[in-house]
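# Close look at the chain arrangement
Residue strings, one per chain:
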Amino acid sequence: GHEAPSEAAGPELPTSGVAQMSTLARKKAALGAKESIKQTAANVLMQLALDDDNKHAVREAGGLKKLVSLLTSPDIDVQLNVLGALTNLALADQNKVEIRELQAIPKIVDLMDSEEELVREKVVEVIWNLAGNDENRLALLYAEAVRKLLDVLPSNSKLSELSERGNYI
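The structure displayed is predicted, hence computed values, not measured ones.

## As for the overall build of the protein chain
Within the protein chain, the regular secondary structure consists of 10 helices and zero strands. Helices and strands appear in the protein chain in the N-to-C order α-α-α-α-α-α-α-α-α-α. Within the protein chain, the fraction of its 169 residues that count as buried is 31%. Of the contacts formed within the protein chain by residues at least 6 apart in sequence, a portion of 66% connects residues at least 24 apart. Surface accessibility of the protein chain: about 11,300 Å² in total, with carbon and sulfur atoms responsible for 55%.

Here it is in structure tokens:
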């Protein structure tokens, strides 16, 4: 057989394959991939939940329970997609009830403490939709949602400063 000289193949490139990754880096990459899949799944459920029939189908398939379990994900994008999906799903009355029964309300309200403003905005949207049920309003009160919602509003001193400067809210 005729072998081409190694030069013909071009200079060797440094390899940066998975084989060189440390065990920790491999675990982090795998975790990142898992979180990415969760983000995508929650995003798809959020889109599907725009349709009324799908709101019920997701509940019947056990989707609410799975979404609620993802509320504690450390990944911001997972949190945002889960909150978005729950916002849409909570438009159905049966889903409002099941979300409460799954003990999700305290977990949702806890995300009001997120440093990410977008997460806090999404939490308020979910709360808005969940509050359309009497028992949920009580659960929201017990979960300190009212206090946390009031905390995001400007204090009276800030309001008076703004109006003195001519800035209106």
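There is more to say, and it comes next.
## What to know about the pattern of salt bridges
Counted according to the given criterion, the structure contains 10 salt bridges. Between Arg59 and Glu60 there is a salt bridge, with the nearest N and O atoms lying 3.7 Å from each other. When salt bridges that share partners are traced, they join Asp110, Asp113 and Lys148 into one network.

What counts, and where the lines are drawn
- Residues numbered from 1 in each chain as written.
- Predicted model: local features only at pLDDT ≥ 70, side-chain atom pairs only at ≥ 80, totals over all residues.
- Heavy atoms only, no water.
- Helix = DSSP H or I, 4+ residues; strand = E, 2+ residues; numbered from the N terminus.
- Buried < 20%, exposed > 50% of the residue type's maximum accessible area, 1.4 Å probe, protein only.
- Contact = heavy atoms within 4.5 Å.
- Areas by Shrake-Rupley, 256 points an atom, 1.4 Å probe, with all protein chains shown as cover.
- Salt bridge = Lys/Arg side-chain N within 4 Å of Asp/Glu carboxyl O.

Coordinates in, geometry out; function isn't part of it.
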